[in-house]
Amino acid sequence: MVLSGDLLEDASSLGQARWQLGRLARCPELGNVPQKLFGLCLVYIAVAALIWPSAYYTMAQMYLPRLFVLGPLGFLAVAIPVAMALSPKAPLTFIAISIRANGLRAAIIVIVFILTLSAFTTYKVNIPDIVPFYCDEALADFGELLHGQAPWRIVHAFDSDLLAMVVSVTYAKLWFLEWFGLVFFAALLANQPVHLRYLTAMALVLVVVGTVMATLFSSVGPIFYDELVGGDRYAELLEVLKQRPGNEHVLSYSSYLLATYRTDMLALGSGISAMPSMHVAIATLNACYLGRLNRWLGIAGWAFAIAILFGSVYSGWHYAVDGYVSMLVVVLIWRRTASISDGKPDPFRLMQAAQTL
């Protein structure tokens, strides 16, 4: 990253660099975007809590303690490599100073995020009560028409135990680590436009993609097709998944979701929804954000997003078109939020000041 000389020429000491960080933190030119973002989250939370109070309270009880414990671990796992790319001279010092300067605000943002995530799951588990699952046959047919055959057959054409394990680790573990880690990282620097843009886009993705579109295109995905739609269209896919030990997580978690759906049980991560794919949506937004921070981080982010798209089809959680639609809509959301960071003072100056440490 090219450093702006006028900002760094006087930041030759630790004290001066800290002063620069503090000055930038006190003078963000963000307009009323934070208030609008908070208002959007508050309305989203309030509607879920008012319509399904018991469900929302239960979900909040589940998410708050877990994310407060696991969130910091995800933050460190993501923040350290990101800080190394943005502030290679002293990444840990950069993180420490940022926490000291902005920790309280970040904690408030994280709490709002967790409450918003609780609302998201509340909406998700109630989708079939609002719009019964109806879209699967059309999504499956369109995917086969688009690819000339069932997309899952294409991704399993070069299957192996190693591939199954990589998909499992990437889709079930690294995805959560990247998501929560980047949200916590952005919360720490939310007084700078590019990070506020990411948090705003994240809220819009949860509302538009994860709630509105998921309700409009109510569907279960290939892995639940035979159980909930009927027939044996994906029986062969399930047999293929059972042949690889690495797919055990997919099979056990799908059984868990099916049980929670049939018993109306509220549980962590419950709710069945295929179209659009939130896994692909979040990974795509993260790629856009990382690309805005650093070219190499962006390349890594897009490679990860493509891997998640592949895994969503491989594991049977989603039709291929679920991921394509997610990517398209998220890119549009990212472009629509460009005014938050474009045309304002360099959003990286806070991080650039830390590079003098």
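Conventions we followed
Residues numbered from 1 in each chain as written. Predicted model: local features only at pLDDT ≥ 70, side-chain atom pairs only at ≥ 80, totals over all residues. Heavy atoms only, no water. Helix = DSSP H or I, 4+ residues; strand = E, 2+ residues; numbered from the N terminus. Buried < 20%, exposed > 50% of the residue type's maximum accessible area, 1.4 Å probe, protein only. Contact = heavy atoms within 4.5 Å. Areas by Shrake-Rupley, 256 points an atom, 1.4 Å probe, with all protein chains shown as cover. Expected span 1.5 Å × (residues − 1). Core = buried A, V, L, I, M, F, W, Y, C linked by side-chain atoms within 4.5 Å. 1 Å grid on protein atoms, 1.4 Å probe; cavity = no way out; pocket = protein on both sides within 12 Å on 5 of 7 lines; lining within 4 Å. Points joined across faces, edges and corners; volume = space filled by probe spheres on them. Nonpolar A, V, L, I, M, F, W, Y, C, P; charged D, E, K, R; others polar. Phe/Tyr/Trp six-rings, centres within 6.5 Å; stacked < 30°, edge-to-face > 60°.

Novice: Pulling in residues and values, what's your account of the overall build of the protein chain?
Specialist: When you go through the protein chain residue by residue, the secondary structure sums to 17 helices and 0 strands. Every one of the 357 residues in the protein chain was classed for burial, and the buried ones make up 55%. Expressed as a percentage of contacts within the protein chain between residues at least 6 apart in sequence, the contacts between residues at least 24 apart total 84%. With an accessible surface of roughly 15700 Å², the protein chain has 66% of that area assigned to carbon and sulfur atoms.

Novice: Hey, could you go over unusual backbone geometry for me, with residue numbers and the actual values?
Specialist: As a rule of thumb, non-glycine residues mostly have phi less than zero, and peptide bonds are mostly trans rather than cis. A cis amide bond links Met275 to the next residue, Pro276, at an omega of -5°. Considering the arrangement of structural elements, one finds Pro276 in the loop between helix 13 (248-263) and helix 14 (278-293).

Novice: Lay out helix 16 (residues 320-336) in plain terms, naming residues and giving numbers.
Specialist: Counted at 1.5 Å a residue, the expected span for helix 16 with its 17 residues is 24 Å, and the 25 Å between its end C-alpha atoms agrees. What helix 16 keeps buried is the set Ala320, Val321, Asp322, Gly323, Val325, Ser326, Met327, Val329, Val330, Ile333 and Trp334. As for helix 16, its buried residues are in contact with helix 7 (136-147), helix 8 (151-155), helix 10 (193-216), helix 14 and helix 15 (295-314).

Novice: An account of the nonpolar core is requested, with residue identities and associated values reported.
Specialist: In terms of nonpolar packing, the biggest core is built from 109 residues, with Val82, Trp179, Phe185, Tyr198, Val205 and Leu293 touching the most fellow members. Among the elements that make up this core, the one with the highest residue count is helix 9 (residues 161-188) (14 residues). In this structure Val205 touches Gly210, Met278, Ala281, Ile282, Leu285, Val330 and Ile333, once residues within four positions along its chain are discounted.

Novice: Can you break down empty space enclosed by the protein residue by residue, with the values?
Specialist: The final tally for this structure, using the stated rule, is 2 cavities of 30 Å³ or more. Estimated volume of the largest cavity: approximately 90 Å³. For the largest cavity, the lining is made up of 13 residues, of which Pro151, Trp152, Pro222, Tyr234 and Tyr319 are closest to its centre. Contributing elements (two or more residues each) for the lining of the largest cavity: helix 7 and helix 8. If you tally residues by element for the lining of the largest cavity, the top one is helix 7, at 4 residues. Across the lining of the largest cavity, the residue classes tally to 10 nonpolar, 2 polar and 1 charged.

Novice: Provide a residue-level description of the layout of surface pockets, including the pertinent values.
Specialist: In this structure, the largest pocket encloses a volume near 1000 Å³. For the largest pocket, the lining is made up of 38 residues, of which Trp175, Phe176, Tyr253, Gly269 and His279 are closest to its centre. If you list the elements that add at least two residues to the lining of the largest pocket, you get helix 4 (53-86), helix 5 (91-125), helix 9, helix 10, helix 13 and helix 14. In the lining of the largest pocket, the residues fall into 24 nonpolar, 11 polar and 3 charged.

Novice: Explain the packing of aromatic side chains to me, and be specific about the residues and the numbers.
Specialist: Enumeration over the complete set of coordinates arrives at 17 aromatic pairs. With 6.2 Å between their ring centres and 70° between their planes, Phe113 and Phe180 make a pair best called edge-to-face. Of this pair, Phe113 sits in helix 5 while Phe180 sits in helix 9, placing them 67 residues apart in sequence. Comparing Phe113 with Phe180 shows no difference in burial state: the two are buried. Site record: aromatic cluster; members linked through ring pairs are Phe113, Trp175, Phe176, Trp179 and Phe180.

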